[in-house]
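# A closer look at the structure
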Amino acid sequence: MPELPEVETVRRRIAPHLPGKQLIATRLGAPKLLEIGDLDALTGLAFLPPERIGKYLLLPLCGAREMTLVLHLGMTGQLTYAPADAEVSDRFRRLPSGYQKPLGVHSEDRHTHLVLALSDGSRLLFRDPRRFGRILSLETADRLSTPRLSRLGPDALGIGDKEFARRFRDTQGRRNVKTILLDQSFLAGIGNIYADESCHTAGIHPTTLGQDLGKLRLERLAQAVAEALGRGIQNAGTTFRDFVHPDGSHGSNQEDLRVYARSGKPCLRCGTILVKSVVAQRGTVACPKCQK
DNA sequence: AATTCGCCCTGTCGGC
DNA sequence: TGCCGACAGGGCGAAT
């Protein structure tokens with residue numbers, strides 16, 4: 001599931017390919033994914049450097065008008081970049097689970113819902129088997145007032161410990177730590193994987209009520225979030241099955257996870273068997289001993 | 001008014 | 001082997 005580190009990885013890797021190129025055509029295979037706006041309004045415009053807010057990827061364009069194409073990759077979204085001379089590969093790689101993942105730049109298939117044709121003959125392909133992703137075409141000037149983006153809190157990357165603590169204390173209600181971390185209006189970008197990882201690193205159980213965290217543990221949580229996200233970006237994202245880089249390669253953070261997907265395995269810190277439960281309607285893995 | 005629930009979606013996997 | 005239900009879950013709108 002693409003969270004902040006995965007989307008940031010995509011942003012960084014498409015960034016060198018876009019600026020200066022024009023968007024000359026679009027093809028929308030799944031109209032329902034376009035939530036707001038009109039793709040035709042984007043054609044003829046030139047790409048500016050891509051941006052990111054939380055899990056949203058923003059592709060600003062300029063020219064006759066200033067527009068931004070906003071993408072949310074949902075659960076299984078993949079944004080790939082096919083250079084003009086790209087060799088299309090329909091080979092698959094068999095993962096240990098038996099799942100077959102496309103290898104390299106793949107040809108368009110029934111899950112490819114948006115194709116952007118660039119002026120140099122290259123293409124951006126948005127593929128999303130589960131179709132939880134969303135596409136928005138917005139005027140750049142008021143893009144932040146669109147409902148989805150206006151609800152977002154500050155980006156979770158680069159938030160300072162003090163600001164983290166201040167916002168955390170301001171969140172109303174008797175909510176547990178995991179619910180708060182997943183709340184995109186608190187901080188934008190944290191999803192299920194990095195919420196669990198952050199809690200483990202901080203030594204805090206996900207079901208702990210937010211109001212029960214003292215100053216010290218709150219500071220540890222802020223640092224743990226920064227560490228988990230930073231490590232995710234360093235490892236170029238977490239690939240279980242669906243997440244791929246724009247060139248079809250994959251991240252390595254799945255090899256560096258402490259708790260997520262490690263239910264029943266020993267805690268890397270204390271050796272206790274990790275326990276899976278449901279918190280905030282999400283599968284949650286934690287160490288019963290060193291997360292209190 | 002805060003919180004939970006149901007829904008959207010498809011591929012994968014375990015059980016029988 | 002094959003069918004089927006359960007599961008994965010981000011975000012929104014409806015219900016509680």
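Our structure's up above, just so we're on the same page.
Anyway, here's the lowdown on the structure attached to this text.

### Topic: the overall build of chain A
- The number of helices and strands found in chain A is six helices and 14 strands.
- The C-alpha atoms of chain A give a radius of gyration of 20 Å, which matches the 19 Å a tight globule of 292 residues would have.
- A buried classification covers 51% of the 292 residues belonging to chain A.
- Across chain A, every contact between residues at least 6 apart in sequence was considered, and the portion connecting residues at least 24 apart equals 62%.
- When the accessible area of chain A is evaluated, it comes to approximately 13,000 Å², of which 50% is carbon and sulfur surface.
- In chain A, which carries 42 positive and 31 negative side-chain charges, the distance between the mean positions of the two groups comes to 8 Å.

### Brief notes about the environment of Asn235
- Relative to the elements of secondary structure, Asn235 occurs in the loop between helix H6 (215–234) and strand E13 (275–279).
- Accessibility expressed as a relative area gives 17% for Asn235, which makes it buried.
- Spatially, the C-alpha atoms of Asn235 and Gly283 are 23 Å apart, while their sequence positions differ by 48 residues.
- Those residues within four positions of Asn235 in sequence are excluded, and the remaining contacts are Gly251, Ser252, Asn253 and Asp256.

### A word on the side chain of His200
- If you trace the backbone, His200 turns up in helix H5 (residues 192–202).
- Setting aside residues up to four positions removed in sequence, His200 forms contacts with Arg258, Val259, Cys267, Arg269, Cys287, Cys290 and Gln291.

### Observations concerning the protein's contact with DNA strand C
- Lining the immediate surroundings of DNA strand C are 15 residues, of which His72, Arg130, Phe132, Tyr260 and Arg282 lie closest.
- The sugar-phosphate backbone supplies 62% of the atoms of DNA strand C found within 4 Å of the protein.
- Here His72 contributes a side-chain N or O atom positioned 2.7 Å from a phosphate oxygen of DNA strand C.
- A distance of 2.7 Å is found between a base nitrogen of DNA strand C and a side-chain nitrogen or oxygen belonging to Arg130.

### Some details on the pattern of salt bridges
- Scanning the entire structure with this criterion turns up 18 salt bridges.
- Close ionic contact of Asp155 with Arg52 constitutes a salt bridge, the shortest N to O distance being 2.6 Å. With Asp155 in the loop between helix H2 (147–150) and helix H3 (161–170) and Arg52 in strand E4 (residues 51–53), the pair connects residues that are 103 residues apart, well separated along the chain.
- Its relative accessible area of 18% is what places Asp155 among the buried residues.
- Exposure remark for Arg52: the relative accessible area of 13% places this residue in the buried category.
- In this structure, Arg231 and Glu227 form a salt bridge, with 3.3 Å as the shortest nitrogen-oxygen distance. One end of the pair is Arg231 and the other is Glu227, both in helix H6 and four residues apart, which spans about a single turn.
- Since its relative accessible area comes to 15%, Arg231 is described here as buried.
- Here the salt bridges do not stand alone but share partners, grouping Glu8, Arg11, Arg12, Arg52 and Asp155 into one network.

How each quantity is defined
- Residue positions within a chain follow its written sequence, with the count starting from 1.
- Chain letters and ligand numbers both follow the written order, the letters beginning at A and the numbers at 1.
- Residue-level local features of this predicted model are given only where pLDDT is at least 70; pairs of side-chain atoms are given and counted only at 80 or more, and the full residue set underlies all totals for whole chains, interfaces and linings.
- Side-chain numbers come from the whole structure's heavy atoms, not from hydrogens or water.
- For helices the rule is a DSSP run of H or I covering at least 4 residues; for strands it is a run of E covering at least 2, with both sets numbered from the N terminus onward.
- Note that the radius of gyration is over C-alpha atoms, with the globule rule given as 2.2 Å times the number of residues to the power 0.38.
- Between buried and exposed lies partly exposed: a residue is buried under 20% and exposed over 50% of the maximum accessible area for its type, with that area taken using a 1.4 Å probe on protein chains only.
- The contact definition used throughout considers only heavy atoms, calling two residues in contact when any of these lie within 4.5 Å.
- Accessibility throughout is a Shrake-Rupley quantity obtained with a 1.4 Å probe, and a residue counts as covered only by protein chains that appear here.
- The charge count treats Lys and Arg as positive and Asp and Glu as negative. His and the chain ends do not count.
- Where a charge sits is defined by one atom per residue type, namely NZ (Lys), CZ (Arg), CG (Asp) or CD (Glu).
- We call a residue near a molecule or strand as soon as one heavy atom of that residue lies within 4 Å of the molecule or strand.
- In protein, a polar contact requires one atom able to donate a hydrogen and another able to accept it; more generally it is a pair of N or O atoms within 3.5 Å, and residues adjacent in sequence count only if both atoms are side-chain atoms.
- Counted as salt bridges are all cases of a side-chain nitrogen of Lys or Arg within 4 Å of a carboxyl oxygen of Asp or Glu.

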